[in-house]
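Coordinate inspection notes
Listed below, chain by chain, are the residues.
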Amino acid sequence: LEFSLLIMSNTGLIQHIRSPPQPPTPILACSKLVICVMPIVQIAIGAVHLDDCPRQHYIPIYLIVVGVFGLVLAVLSCLPCAQEPKDGTSNPLSRVCAAWNSVTSFFLFCWFIAG
């Protein structure tokens, strides 16, 4: 009896891990807004100082590129194709979206290292 209760409690725990509870929609919207502010600020600062950076003339270009790709990554994560279906199946559009997300993340990592 104890063994079956242990298995049932572990099964519930595993199901809880596989599908964690989602935060409320207003919290998700606010977090996405906060995440989008940083790339917008990077693009703005890079555009303002594009021709007059006293230290290194590539810094504004770096800021613009990292800001644009950061914004693209934030928008990609908001698209409905980025979420997996609830029934556990996988559609091709979801895989394409995940691939673009991975490529964009890898580019941002490489750009950060190069910068």
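Here the structure is a predicted model, which means the values were calculated and not measured.

Right, let's talk about the overall build of the protein chain for a bit. A tally of regular secondary structure across the protein chain gives four helices and zero strands. Traced from its N-terminal end to its C-terminal end, the protein chain shows the element sequence α-α-α-α. The proportion of buried residues among the 115 residues of the protein chain is 15%. Summed over all atoms, the accessible surface of the protein chain reaches about 8900 Å², with 74% contributed by carbon and sulfur.

In this structure, Cys78 sits in helix 3 (residues 59-78). Taking relative accessible area as the criterion, Cys78 reaches 44% and is therefore assigned partly exposed. Placed 49 residues apart in sequence, Cys78 and Ala29 show a C-alpha to C-alpha distance of 9.4 Å.

Across the interface, helix 3 lies against helix 4 (residues 92-114) with an axial gap of 10 Å and an inter-helix angle of 155 degrees. Judged on the interaxial angle alone, helix 4 and helix 3 are roughly antiparallel. When you trace helix 3 past helix 4, the crossing you get is left-handed. For the pair formed by helix 3 and helix 4, the contact residues are Tyr62, Val65, Val66, Phe69, Gly70, Leu73 and Leu76 on the first element and Cys97, Trp100, Asn101, Thr104, Ser105, Phe107, Leu108, Trp111 and Phe112 on the second. Split by residue class, the contact of helix 3 with helix 4 holds twelve nonpolar, four polar and no charged.

Attention now moves to a nonpolar patch on the surface. Among the surface-exposed residues, Leu33, Val37, Val41 and Ile45 lie close enough to one another that they form a single nonpolar patch of about 340 Å² accessible area. Mapped onto the elements of the fold, Ile45 is located in helix 2 (residues 25-48). A relative accessible area of 42% means that Ile45 is categorised as partly exposed.

This part takes up the side chain of Gln42. Within the secondary structure, Gln42 sits in helix 2. On the basis of relative accessibility, which here comes to 18%, the residue Gln42 falls in the buried class. Sequence-distant contacts of Gln42, defined by excluding residues within four places in its chain, comprise Leu63, Ile64, Val66 and Gly67.

All right, on to the side chain of Thr104 then. Along the chain, Thr104 falls in helix 4. Contact partners of Thr104, with chain neighbours within four places excluded, come to Phe69, Leu73 and Leu76.

Rules of the game
Residues numbered from 1 in each chain as written. Predicted model: local features only at pLDDT ≥ 70, side-chain atom pairs only at ≥ 80, totals over all residues. Heavy atoms only, no water. Helix = DSSP H or I, 4+ residues; strand = E, 2+ residues; numbered from the N terminus. Buried < 20%, exposed > 50% of the residue type's maximum accessible area, 1.4 Å probe, protein only. Areas by Shrake-Rupley, 256 points an atom, 1.4 Å probe, with all protein chains shown as cover. Axes fitted to C-alpha atoms, helices over the stretch in contact; angles between N-to-C directions. Parallel < 35°, antiparallel > 145°, perpendicular 65-115°, else oblique. Left-handed = near helix turned anticlockwise from the far one by under 90°. Contact = heavy atoms within 4.5 Å. Nonpolar A, V, L, I, M, F, W, Y, C, P; charged D, E, K, R; others polar. Patch = residues over 30% accessible without salt bridge, like charges linked within 9 Å, V, L, I, M, F, W, Y side chains within 5 Å. Salt bridge = Lys/Arg side-chain N within 4 Å of Asp/Glu carboxyl O.

The values are spatial; any link to function lies outside them.
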